[in-house]
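If you want the building blocks of each chain, they are given just below.
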Amino acid sequence: MRTFALQLNGARQSTRIDNVVSFVGEDASGRFGLRAGHERFMTPLVFGLARYRPADSEWRYLALPGALLYFAGHELVINARRYIEDTDYHRISRALTEQLLKEEEVLVGLKQNLRQLEEAMLKQLLNIEQGR
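Presented here is a report on the structure given in the accompanying data block. Since the structure is predicted, the reported quantities are computational estimates derived from the model, not experimental observations.

1. A look at the overall build of the protein chain
Along the protein chain, the regular secondary structure elements total 1 helix and 7 strands. Mapped from its N terminus to its C terminus, the protein chain presents α and β elements in the order β-β-β-β-β-β-β-α. Computed over its C-alpha atoms, the radius of gyration of the protein chain comes to 20 Å, more than 25% above the 14 Å expected for a compact globule of 132 residues. Based on the C-alpha atoms only, the size of the protein chain along its principal axes is roughly 75 × 30 × 25 Å. Within the protein chain, the fraction of its 132 residues that count as buried is 35%. Nonlocal contacts in the protein chain, meaning residues at least 24 apart in sequence, comprise 50% of its contacts between residues at least 6 apart. Of the roughly 8600 Å² that the protein chain leaves accessible, carbon and sulfur atoms contribute 51%.

And the structure:
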């Protein structure tokens, strides 16, 4: 059976898994699968769950808050801010809901704060320009 290596890179952790048989993920166009020998491929993964299966083990799940996937040769590289890995679908689904969604909410809040700051600065610049 042909296999490939999976390299997971997060901001605080990194894992390499050899002898992976299959990977299933999702991008903006929908779900897709990769096996050894696939053509070179790059895509941004959407927020959610992906899974892979090592040759000598059961499916393992990855909770990802979005990521960049790159497959070339015999290696699949996934770069994400963070990822959680588990063999239990229900446990990782809860972790995704609880932990990663909270992080995304914080990021949304930060973006809103930046937008408000930009608007306030623009108003001040307009007031200065108008001599007020």
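2. Re the packing of aromatic side chains
Summed over all chains, the structure comprises 4 aromatic pairs. Note on Phe23 and Phe32: the rings are 6.4 Å apart at their centroids and 45 degrees apart in plane angle, and the pair reads as tilted. The pair formed by Phe23 and Phe32 is uniform in burial state, with each residue classed as buried. Ring geometry for Phe32 versus Phe41: centroids 5.3 Å apart, planes at 65 degrees, classification edge-to-face. Chaining the aromatic ring pairs together yields one cluster made of Phe23, Phe32 and Phe41. Taking NZ or CZ as reference, Arg51 lies 4.2 Å from the ring centre of Trp59, over its face.

3. Let's talk about the pattern of salt bridges
Inspection of every chain in the model, using the stated rule, returns 5 salt bridges. In this structure, the salt-bridge partner of Glu85 is Arg60, at a minimum N-O distance of 3.1 Å. Within this pair, whereas Glu85 is found in strand β7 (residues 84–86), its partner Arg60 is found in strand β5 (residues 60–72), the two being separated by 25 residues in sequence. Relative accessible area serves as the criterion here: at 24%, Glu85 is assigned to the partly exposed category. Salt bridges linked by common partners bring Arg16, Asp18 and Glu75 together as one network.

4. With respect to the pairing of strand β4 (residues 41–54)
When strand β2 (residues 14–27) meets β4, the two strands line up antiparallel, connected through 4 bridges. Bridged to Val20 within β4 is Pro54. Bridge count between β4 and β5: 11 bridges; the pairing is antiparallel. The residue bridging Gly48 from the neighbouring strand is Leu64, located in β5. Counted along the chain from β4 to the antiparallel partner β5, the turn is 5 residues long.

Calculation notes
- Residues numbered from 1 in each chain as written.
- Predicted model: local features only at pLDDT ≥ 70, side-chain atom pairs only at ≥ 80, totals over all residues.
- Heavy atoms only, no water.
- Helix = DSSP H or I, 4+ residues; strand = E, 2+ residues; numbered from the N terminus.
- Rg over C-alpha atoms; globule rule 2.2 N^0.38 Å.
- Buried < 20%, exposed > 50% of the residue type's maximum accessible area, 1.4 Å probe, protein only.
- Contact = heavy atoms within 4.5 Å.
- Areas by Shrake-Rupley, 256 points an atom, 1.4 Å probe, with all protein chains shown as cover.
- Phe/Tyr/Trp six-rings, centres within 6.5 Å; stacked < 30°, edge-to-face > 60°.
- Lys NZ or Arg CZ within 6 Å of the ring centre and 35° of its normal.
- Salt bridge = Lys/Arg side-chain N within 4 Å of Asp/Glu carboxyl O.
- Pairing = 2+ DSSP bridges.

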